[in-house]
Amino acid sequence: MDFKVRAATKEDCKEISRMILELAFYENMPDQVKISHEELEQDGFCQNPFFECLVAEVPEEHKSKEGFTIVGYALYFYTYSTWKGRSLYLEDLYVMPEFRGRGIGKGLLSKVAEVGKKKQCVRLQLSVLDWNAPTRDFYAAKGAQDLTVSEGWHFIRFDGQNLDNLANEAPKD
(Lines give C-alpha, C1' and ligand atoms only; values in the text may rest on other atoms or scores of the structure.)
Protein backbone atom coordinates (compact mmCIF):
# COMPACT_ATOMS: atom_id res chain seq x y z
CA MET A 1 0.00 0.00 0.00
CA ASP A 2 1.16 3.48 -0.82
CA PHE A 3 1.66 5.59 2.33
CA LYS A 4 4.11 8.06 3.78
CA VAL A 5 5.34 8.62 7.30
CA ARG A 6 6.01 12.21 8.25
CA ALA A 7 6.45 14.38 11.32
CA ALA A 8 3.10 15.43 12.75
CA THR A 9 2.12 19.07 12.61
CA LYS A 10 -0.05 21.09 14.93
CA GLU A 11 -2.83 20.79 12.35
CA ASP A 12 -2.76 16.98 12.72
CA CYS A 13 -3.70 17.04 16.41
CA LYS A 14 -7.44 16.54 15.83
CA GLU A 15 -6.67 13.39 13.83
CA ILE A 16 -4.16 12.19 16.42
CA SER A 17 -6.72 12.82 19.16
CA ARG A 18 -9.29 10.77 17.20
CA MET A 19 -6.86 7.86 16.92
CA ILE A 20 -5.86 8.08 20.59
CA LEU A 21 -9.51 7.49 21.43
CA GLU A 22 -9.71 4.61 18.92
CA LEU A 23 -6.67 3.03 20.58
CA ALA A 24 -8.21 3.50 24.02
CA PHE A 25 -11.37 1.68 22.85
CA TYR A 26 -9.22 -1.14 21.46
CA GLU A 27 -7.43 -1.38 24.81
CA ASN A 28 -10.80 -1.37 26.66
CA MET A 29 -9.95 1.90 28.42
CA PRO A 30 -11.86 4.71 26.65
CA ASP A 31 -12.74 6.33 29.99
CA GLN A 32 -9.02 6.87 30.67
CA VAL A 33 -8.57 9.42 27.86
CA LYS A 34 -8.71 12.90 29.39
CA ILE A 35 -6.61 14.84 26.87
CA SER A 36 -7.93 17.07 24.10
CA HIS A 37 -6.47 17.99 20.76
CA GLU A 38 -5.82 21.46 22.20
CA GLU A 39 -3.59 19.94 24.88
CA LEU A 40 -1.78 17.90 22.24
CA GLU A 41 -1.20 21.11 20.27
CA GLN A 42 0.09 22.92 23.36
CA ASP A 43 2.27 20.09 24.68
CA GLY A 44 3.69 18.83 21.40
CA PHE A 45 4.22 22.03 19.47
CA CYS A 46 5.63 24.47 22.03
CA GLN A 47 9.19 25.71 22.49
CA ASN A 48 10.15 22.66 24.59
CA PRO A 49 7.74 19.93 23.48
CA PHE A 50 6.86 17.10 25.82
CA PHE A 51 6.57 14.64 22.93
CA GLU A 52 7.17 14.16 19.23
CA CYS A 53 4.82 12.39 16.87
CA LEU A 54 4.85 10.81 13.43
CA VAL A 55 1.77 10.19 11.33
CA ALA A 56 1.10 7.72 8.54
CA GLU A 57 -0.80 9.21 5.64
CA VAL A 58 -2.35 7.51 2.62
CA PRO A 59 -3.28 9.18 -0.66
CA GLU A 60 -6.82 10.48 -1.05
CA GLU A 61 -7.76 7.52 -3.26
CA HIS A 62 -6.95 5.11 -0.40
CA LYS A 63 -8.70 7.07 2.36
CA SER A 64 -10.60 5.19 5.07
CA LYS A 65 -14.30 4.37 4.90
CA GLU A 66 -14.88 7.47 7.06
CA GLY A 67 -12.79 9.65 4.74
CA PHE A 68 -9.55 9.86 6.77
CA THR A 69 -6.15 10.01 5.09
CA ILE A 70 -4.15 10.04 8.34
CA VAL A 71 -4.45 6.40 9.34
CA GLY A 72 -1.79 5.87 12.00
CA TYR A 73 0.53 7.58 14.43
CA ALA A 74 3.52 6.99 16.67
CA LEU A 75 3.88 9.26 19.70
CA TYR A 76 7.20 9.15 21.55
CA PHE A 77 9.47 11.13 23.82
CA TYR A 78 13.08 11.12 24.96
CA THR A 79 14.17 9.66 28.25
CA TYR A 80 17.48 8.78 29.82
CA SER A 81 18.90 5.59 31.26
CA THR A 82 21.49 6.04 33.99
CA TRP A 83 22.94 2.70 32.84
CA LYS A 84 22.79 3.09 29.06
CA GLY A 85 22.27 6.77 28.17
CA ARG A 86 19.92 8.34 25.65
CA SER A 87 16.68 6.47 25.09
CA LEU A 88 13.29 6.79 23.43
CA TYR A 89 9.96 5.79 24.93
CA LEU A 90 7.20 4.90 22.49
CA GLU A 91 3.96 5.90 24.21
CA ASP A 92 1.63 4.88 21.36
CA LEU A 93 1.85 3.13 18.03
CA TYR A 94 -1.52 2.87 16.32
CA VAL A 95 -2.80 1.99 12.88
CA MET A 96 -6.51 2.04 12.06
CA PRO A 97 -7.84 -1.54 11.80
CA GLU A 98 -8.67 -1.40 8.09
CA PHE A 99 -5.04 -0.44 7.33
CA ARG A 100 -3.28 -3.07 9.44
CA GLY A 101 -1.15 -5.73 7.82
CA ARG A 102 0.05 -3.37 5.08
CA GLY A 103 3.41 -2.33 6.54
CA ILE A 104 2.22 0.93 8.06
CA GLY A 105 2.92 -0.08 11.67
CA LYS A 106 6.37 -1.34 10.69
CA GLY A 107 6.97 1.91 8.80
CA LEU A 108 6.04 4.01 11.83
CA LEU A 109 8.11 1.88 14.22
CA SER A 110 11.14 1.90 11.91
CA LYS A 111 10.92 5.67 11.50
CA VAL A 112 10.82 6.15 15.29
CA ALA A 113 13.93 3.94 15.53
CA GLU A 114 15.63 5.99 12.79
CA VAL A 115 14.83 9.25 14.63
CA GLY A 116 16.29 7.77 17.82
CA LYS A 117 19.46 6.55 16.11
CA LYS A 118 20.03 9.99 14.58
CA LYS A 119 19.92 11.42 18.12
CA GLN A 120 22.32 8.72 19.41
CA CYS A 121 19.65 6.90 21.40
CA VAL A 122 20.76 3.43 22.44
CA ARG A 123 17.34 1.92 23.02
CA LEU A 124 13.63 2.18 22.34
CA GLN A 125 11.27 1.16 25.12
CA LEU A 126 7.51 0.70 25.28
CA SER A 127 4.85 -1.17 27.18
CA VAL A 128 2.14 -3.51 25.92
CA LEU A 129 -0.93 -4.80 27.74
CA ASP A 130 -0.53 -8.42 28.83
CA TRP A 131 -3.59 -9.62 26.87
CA ASN A 132 -2.48 -7.97 23.62
CA ALA A 133 -0.66 -10.95 22.10
CA PRO A 134 -0.85 -9.71 18.47
CA THR A 135 0.99 -6.52 19.42
CA ARG A 136 3.53 -8.36 21.58
CA ASP A 137 4.15 -10.73 18.66
CA PHE A 138 4.53 -7.79 16.26
CA TYR A 139 7.26 -6.23 18.41
CA ALA A 140 8.95 -9.58 19.08
CA ALA A 141 9.11 -10.27 15.33
CA LYS A 142 11.04 -7.00 14.96
CA GLY A 143 13.54 -8.03 17.68
CA ALA A 144 12.04 -6.48 20.82
CA GLN A 145 12.72 -8.19 24.14
CA ASP A 146 9.98 -8.66 26.74
CA LEU A 147 11.67 -7.69 30.02
CA THR A 148 8.72 -8.68 32.22
CA VAL A 149 10.04 -12.17 32.97
CA SER A 150 13.69 -11.90 31.96
CA GLU A 151 14.50 -8.88 34.16
CA GLY A 152 11.45 -8.70 36.43
CA TRP A 153 10.66 -5.01 35.91
CA HIS A 154 7.31 -3.68 37.11
CA PHE A 155 5.77 -0.58 35.58
CA ILE A 156 4.86 1.85 38.40
CA ARG A 157 2.70 4.99 38.22
CA PHE A 158 1.71 7.87 40.49
CA ASP A 159 -1.27 9.92 39.32
CA GLY A 160 -4.22 11.96 40.59
CA GLN A 161 -4.40 12.39 44.34
CA ASN A 162 -1.40 10.11 44.91
CA LEU A 163 0.77 12.36 42.73
CA ASP A 164 -0.60 15.43 44.53
CA ASN A 165 0.15 13.87 47.92
CA LEU A 166 3.69 12.99 46.90
CA ALA A 167 4.35 16.48 45.52
CA ASN A 168 3.01 18.05 48.72
CA GLU A 169 5.61 16.09 50.70
CA ALA A 170 8.50 17.70 48.80
CA PRO A 171 10.99 19.64 50.91
CA LYS A 172 10.28 23.37 50.81
CA ASP A 173 12.74 25.64 49.03
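Rules and cut-offs
Residues numbered from 1 in each chain as written. Predicted model: local features only at pLDDT ≥ 70, side-chain atom pairs only at ≥ 80, totals over all residues. Heavy atoms only, no water. Helix = DSSP H or I, 4+ residues; strand = E, 2+ residues; numbered from the N terminus. Rg over C-alpha atoms; globule rule 2.2 N^0.38 Å. Buried < 20%, exposed > 50% of the residue type's maximum accessible area, 1.4 Å probe, protein only. Contact = heavy atoms within 4.5 Å. Areas by Shrake-Rupley, 256 points an atom, 1.4 Å probe, with all protein chains shown as cover. Lys, Arg positive; Asp, Glu negative; His and termini not counted. Charge placed at Lys NZ, Arg CZ, Asp CG, Glu CD. Salt bridge = Lys/Arg side-chain N within 4 Å of Asp/Glu carboxyl O.

> What is the right way to read the overall build of the protein chain from this model?
Of the regular secondary structure elements, the protein chain holds 6 helices and 5 strands. Secondary structure of the protein chain in N-to-C order comes out as β-α-α-β-β-β-α-β-α-α-α. Computed over its C-alpha atoms, the radius of gyration of the protein chain comes to 17 Å, within 12% of the 16 Å expected for a compact globule of 173 residues. When the 173 residues of the protein chain are sorted by exposure, 30% land in the buried category. Counting contacts in the protein chain only where the partners sit at least 6 residues apart, residues at least 24 apart contribute 60% of the total. Working note: accessible area of the protein chain is about 11700 Å², and carbon and sulfur atoms make up 52% of it. For the protein chain, the separation between the mean place of its 22 positive charges and that of its 28 negative charges on side chains is 6 Å.

> Any chance you could explain the pattern of salt bridges here in plain terms?
Scanning all chains against the criterion turns up 6 salt bridges. The salt bridge partner of Glu57 is Arg6, with a shortest N-O separation of 2.9 Å. Taken together, the residues span a long stretch of sequence, with Glu57 in strand β2 (residues 52-57) and Arg6 in strand β1 (residues 4-7) at a distance of 51 residues.

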